[in-house]
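# Examination of the molecular architecture
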Amino acid sequence: MSLVFQDTGQERAGSIVSGVVEELVGFADLKDTALININDAVGHLPGKPHLVRHDHHRHTVGRHALTVHKAQGSEFDTVFVVLPNPCRILSRELLYTALTRQSRRLVILCQGDPHRLVDFRHLSDAARRLTNLFGPPRPIVVGTRIFDGKHIHRSRRGELMISKSEVIIANELQSAGLDYAYERPLIVSDGSRRYPDFTVEDAVTGSIWYWEHLGMKGDAEYDRKWALKLQWYRDNGILPEEAGGGPNGILVTTEELDGIQTDQIMALIAKIKDGV
């Protein structure tokens, strides 16, 4: 049985506060006293048996599941995240909260295509808030949503992008007359997929260029993930441009260890246009 304290604003016994998740593990010899195992997100008595008087449970309710909002601040060994379709309140922030409640294992139960969750990287509730103490908002309609233009990154073609650096690359590609696809799924023979930042196809030569912008290169975790992605490209016949490319495509990268490098971007665009 799990008990979850409700936020009634009333003081609790000891260190148990609103939002604490506890497990009833038995009863003590003392009258009307329960032995509770505490899973406390703020670190009070984590995982230790604790005596709680019965009358202190007037503000608790049984729970088989928690909403994402209610789970904020708590952590569990294993978390099952249930995502119905449609889910009108789903956003980047809500997903982040849901996916970071686990400490060991995460299971996602997604109704419909799970790959659609990638789209929520660009769908931020915070960016939709049209409030500003120091100036009026700049409402921009993207699809069926309205965002404050000061909180999003958009290319000249109107695409929502993760960073300003990607916007610069996209705009330079367009200025050079190169048609590109942003984060188009690349699905290979074993069914696995990745999302290159930009895909450029040369209709004349038949070459396909995959452009990855390594905006956080130098960060240990980012570098580890990039090494895995680079190996995935190699395993599927997509090799770096400096290695002559591969049978299934040519991989190029840009970095910004010392800030965005326009010369590097323009040099790669010239190579793509020349088919080198």
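Figured I'd write up the structure that's included with this text.

Calculation rules
- Residues numbered from 1 in each chain as written.
- Predicted model: local features only at pLDDT ≥ 70, side-chain atom pairs only at ≥ 80, totals over all residues.
- Heavy atoms only, no water.
- Core = buried A, V, L, I, M, F, W, Y, C linked by side-chain atoms within 4.5 Å.
- Buried < 20%, exposed > 50% of the residue type's maximum accessible area, 1.4 Å probe, protein only.
- Helix = DSSP H or I, 4+ residues; strand = E, 2+ residues; numbered from the N terminus.
- Contact = heavy atoms within 4.5 Å.
- Arc of directions from axis to C-beta.
- Patch = residues over 30% accessible without salt bridge, like charges linked within 9 Å, V, L, I, M, F, W, Y side chains within 5 Å.
- Areas by Shrake-Rupley, 256 points an atom, 1.4 Å probe, with all protein chains shown as cover.
- Salt bridge = Lys/Arg side-chain N within 4 Å of Asp/Glu carboxyl O.
- 1 Å grid on protein atoms, 1.4 Å probe; cavity = no way out; pocket = protein on both sides within 12 Å on 5 of 7 lines; lining within 4 Å.
- Points joined across faces, edges and corners; volume = space filled by probe spheres on them.
- Phe/Tyr/Trp six-rings, centres within 6.5 Å; stacked < 30°, edge-to-face > 60°.

### Overview of the nonpolar core
- L173, Y180, F198 and W211 are the most contacted members of the largest nonpolar core, which has 19 residues in total.
- Elements with a minimum of two residues in this core: α3 (164-175), β12 (180-182), β15 (198-201), β16 (208-214), β18 (249-255) and α5 (262-274).
- Residue contacts for W211: discarding those within four places in its chain leaves I169, L173, P196, D197, F198, V252, T254, I265, L268, I269 and I272.
- Counting residues in each nonpolar core, the second largest holds 11 residues, with V81, L90, L94 and L95 among its members.

### As for helix α2 (residues 92-99)
- Along α2, the residues that are buried comprise L94, L95, T97 and A98. Seen along its axis, α2 keeps its buried residues to an arc of 160°; they face one direction.
- Buried-residue contacts for α2 involve α1 (68-71) and β6 (76-83).

### Overview of a nonpolar patch on the surface
- On the surface, F80, V82 and L109 cluster together to form a nonpolar patch covering roughly 320 Å² of accessible area.
- Position of V82 among the secondary structure elements: in strand β6.

### A word on the pattern of salt bridges
- Under the defined criterion, the tally for this structure stands at 7 salt bridges.
- In this structure, R157 and E159 form a salt bridge, with 2.7 Å as the shortest nitrogen-oxygen distance.
- Classification of E159 by relative accessible area gives buried; the value is 18%.
- Among the salt bridges present, the one from E201 reaches R184, with a minimum N-O distance of 2.7 Å. Placement of E201 in strand β15 and of R184 in the loop between β12 and β13 (186-187) is noted, with a sequence separation of 17 residues between them.
- Salt bridges linked by common partners bring R157, E159 and D179 together as one network.

### Some thoughts on the layout of surface pockets
- Taken as a whole, the largest pocket spans an internal volume of roughly 890 Å³.
- As for the largest pocket, its lining consists of 22 residues, and the residues nearest its centre are R121, E183, D197, Y222 and K229.
- Elements with a minimum of two residues in the lining of the largest pocket: α3, β16 and α4 (220-235).
- Of all the elements, α4 adds the most residues to the lining of the largest pocket, at 4 residues.

### Digging into the packing of aromatic side chains
- In the structure shown here, the tally under the stated rule is 5 aromatic pairs.
- With 6.4 Å between their ring centres and 70° between their planes, F198 and W211 make a pair best called edge-to-face. In this pair, F198 is assigned in strand β15 and W211 in strand β16, connecting sequence segments 13 residues apart. There is no split in this pair, since F198 and W211 are both buried.
- Relative to Y233, the ring of W232 lies with its centre 5.5 Å away and its plane at 70°, an arrangement referred to as edge-to-face.

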